[in-house]
Amino acid sequence: MSMATGRTAALLALSAIMTLAGSAAMARQDAAPSVRIETDAGTMVVELALDRAPVSVCNFLSYVAAGDYDGGAFFRTVVRATNTANPNPIDVIQAATPQGSDDDRRPPIRLERTRDTGLSHQAGVISMARDGPDSATSSFFIVTQDTPSLDFGGGRNPDGQGFAAFGRLTQGLDVARRIQMSPADGEEQLTPPIRILSARLVGDMPARCAA
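Summarised in this report is the structure supplied together with it.

**Description of the pairing of strand S5 (residues 125–128)**
Next, step 1: Where burial is concerned, the two faces of S5 agree: the one with Val-125 and Ser-127 and the one with Ile-126 and Met-128 are both buried.
Next, step 2: Pairing of S5 with strand S7 (residues 164–171), which is carried by four bridges, proceeds in the antiparallel orientation. Bridging from a neighbouring strand, Ile-126 pairs with Gly-167 of S7.
Next, step 3: The sheet contact formed by S5 and strand S6 (residues 140–143) spans three bridges and is antiparallel.

**Quick notes on the side chain of Asp-68**
Next, step 1: Relative to the helices and strands, Asp-68 is located in the loop between helix H2 (54–65) and strand S3 (73–78).
Next, step 2: Here Asp-68 falls in the buried class, since its relative accessible area comes to 11%.
Next, step 3: With sequence-adjacent residues up to four places away left out, Asp-68 is seen in contact with Tyr-63, Thr-97, Pro-98, Arg-105 and Arg-106.

**Some details on the layout of surface pockets**
Next, step 1: Counted as a void, the largest pocket has a volume near 430 Å³.
Next, step 2: Taken together, 20 residues line the largest pocket, and the ones lying closest to its centre are Gln-94, Ala-129, Arg-130, Asp-131 and Phe-163.
Next, step 3: Its residues assigned to classes, the lining of the largest pocket comprises seven nonpolar, six polar and seven charged.
Next, step 4: Taken together, 14 residues line the second largest pocket, and the ones lying closest to its centre are Glu-47, Ala-49, Leu-119, Gly-167 and Arg-168.
Next, step 5: Every element with two or more residues in the lining of the second largest pocket is listed here: strand S2 (42–48) and S7.

**Overview of the pattern of salt bridges**
Next, step 1: Enumeration according to the criterion identifies 10 salt bridges in this entry.
Next, step 2: Asp-40 is paired through a salt bridge with Arg-195; the nearest N and O atoms lie 3.0 Å apart. Of this pair, Asp-40 sits in the loop between strand S1 (34–39) and S2 while Arg-195 sits in strand S8 (residues 189–202), and the two are 155 residues apart along the sequence.
Next, step 3: A residue is classified by how much of its surface remains accessible, and Asp-40, at 44% relative accessible area, is partly exposed.
Next, step 4: On the accessibility criterion, Arg-195 (48% relative accessible area) is partly exposed.
Next, step 5: Two residues, Arg-105 and Asp-103, come together in a salt bridge whose shortest N-O distance is 2.8 Å.
Next, step 6: Among the residues examined, Arg-105 registers a relative accessible area of 44% and is labelled partly exposed.
Next, step 7: On the basis of relative accessibility, which here comes to 2%, the residue Asp-103 falls in the buried class.
Next, step 8: Three or more residues are tied together by salt bridges with common partners; here these are Asp-68, Asp-103, Arg-105 and Arg-106.

**Concerning the environment of Thr-77**
Next, step 1: Note that Thr-77 resides in strand S3.
Next, step 2: According to the relative accessible area criterion, Thr-77 is buried, its value standing at 5%.
Next, step 3: Each C-alpha atom of the pair Thr-77 and Ile-142 lies 9.8 Å from the other, and the pair is 65 residues apart in sequence.
Next, step 4: Looking at Thr-77, its side chain comes within polar contact range of the main-chain oxygen of Gln-180, at 2.7 Å.

**Remarks on the sheet that holds S3**
Next, step 1: What the eight strands build is a closed barrel, ordered S1-S2-S7-S5-S6-S4-S3-S8; its pairing is antiparallel. Averaged over all pairs of adjacent strands, the angle between strand axes in this sheet comes to 35°, irrespective of strand direction.
Next, step 2: Here six bridges tie S1 to S8, and the two strands are oriented antiparallel to one another. Paired with Thr-39 across the bridge in S8 is Ile-196.

**Side note on the pairing of S3**
Next, step 1: Here S3 lies mainly inside the structure; five of its six residues are buried.
Next, step 2: Alignment of S3 against strand S4 (residues 92–96), held across five bridges, turns out to be antiparallel. Residue Thr-77 lies in a different strand from S4, and its bridge partner there is Ile-93.
Next, step 3: Two strands pair when backbone bridges link them, and S3 and S8 are joined in this way by three bridges, in the antiparallel orientation.

Basis of the calculations
- Residues numbered from 1 in each chain as written.
- Predicted model: local features only at pLDDT ≥ 70, side-chain atom pairs only at ≥ 80, totals over all residues.
- Heavy atoms only, no water.
- Buried < 20%, exposed > 50% of the residue type's maximum accessible area, 1.4 Å probe, protein only.
- Helix = DSSP H or I, 4+ residues; strand = E, 2+ residues; numbered from the N terminus.
- Pairing = 2+ DSSP bridges.
- Contact = heavy atoms within 4.5 Å.
- 1 Å grid on protein atoms, 1.4 Å probe; cavity = no way out; pocket = protein on both sides within 12 Å on 5 of 7 lines; lining within 4 Å.
- Points joined across faces, edges and corners; volume = space filled by probe spheres on them.
- Nonpolar A, V, L, I, M, F, W, Y, C, P; charged D, E, K, R; others polar.
- Salt bridge = Lys/Arg side-chain N within 4 Å of Asp/Glu carboxyl O.
- Polar contact = N/O pair within 3.5 Å; in protein donor to acceptor, adjacent residues only side chain to side chain.
- Axes fitted to C-alpha atoms, helices over the stretch in contact; angles between N-to-C directions.

Below you can see the structure in the form of structure tokens.
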């Protein structure tokens, strides 16, 4: 083998290694991100479905990265057994930043319907709270029991558009259920609210959310 041929082979090998390394780094960066939520009632870890619900995930991570949930709270609990005013009762706990559930420091986001994402409101799923379609900002809820009425076409919301599921607990479903059964008044307000001590991204911000 000539010296020139040897240099060419070495450069090709180096290029292949760099390409593989770059691909691996990108895969790590865009792997499903997780957020650790520390509360007065315990710790929950949620894995976010970035590949299926990127708008909701990146929006949620923007609040997390800014520390906006720190000092917020799980303020609402809905228990199917007592949620009789609606013909489609649900089991969820809802959280907000210290600004409240109508935090408008960032614009509302597009509704990612479960019809399009393929996700479903099963036990442990995290989803965006909203009023009308395309109105969600920072408030989110966690489902404690399978609740398909929250999906697209479900009857929980009169518009039938459902809610934007965007991840699922990998740790702490027992904590979510404990919060759900905490004392509450007749209007489903937790008394007292369960404080969010911190919400932190585990690892790096995904590239598509950092842009």
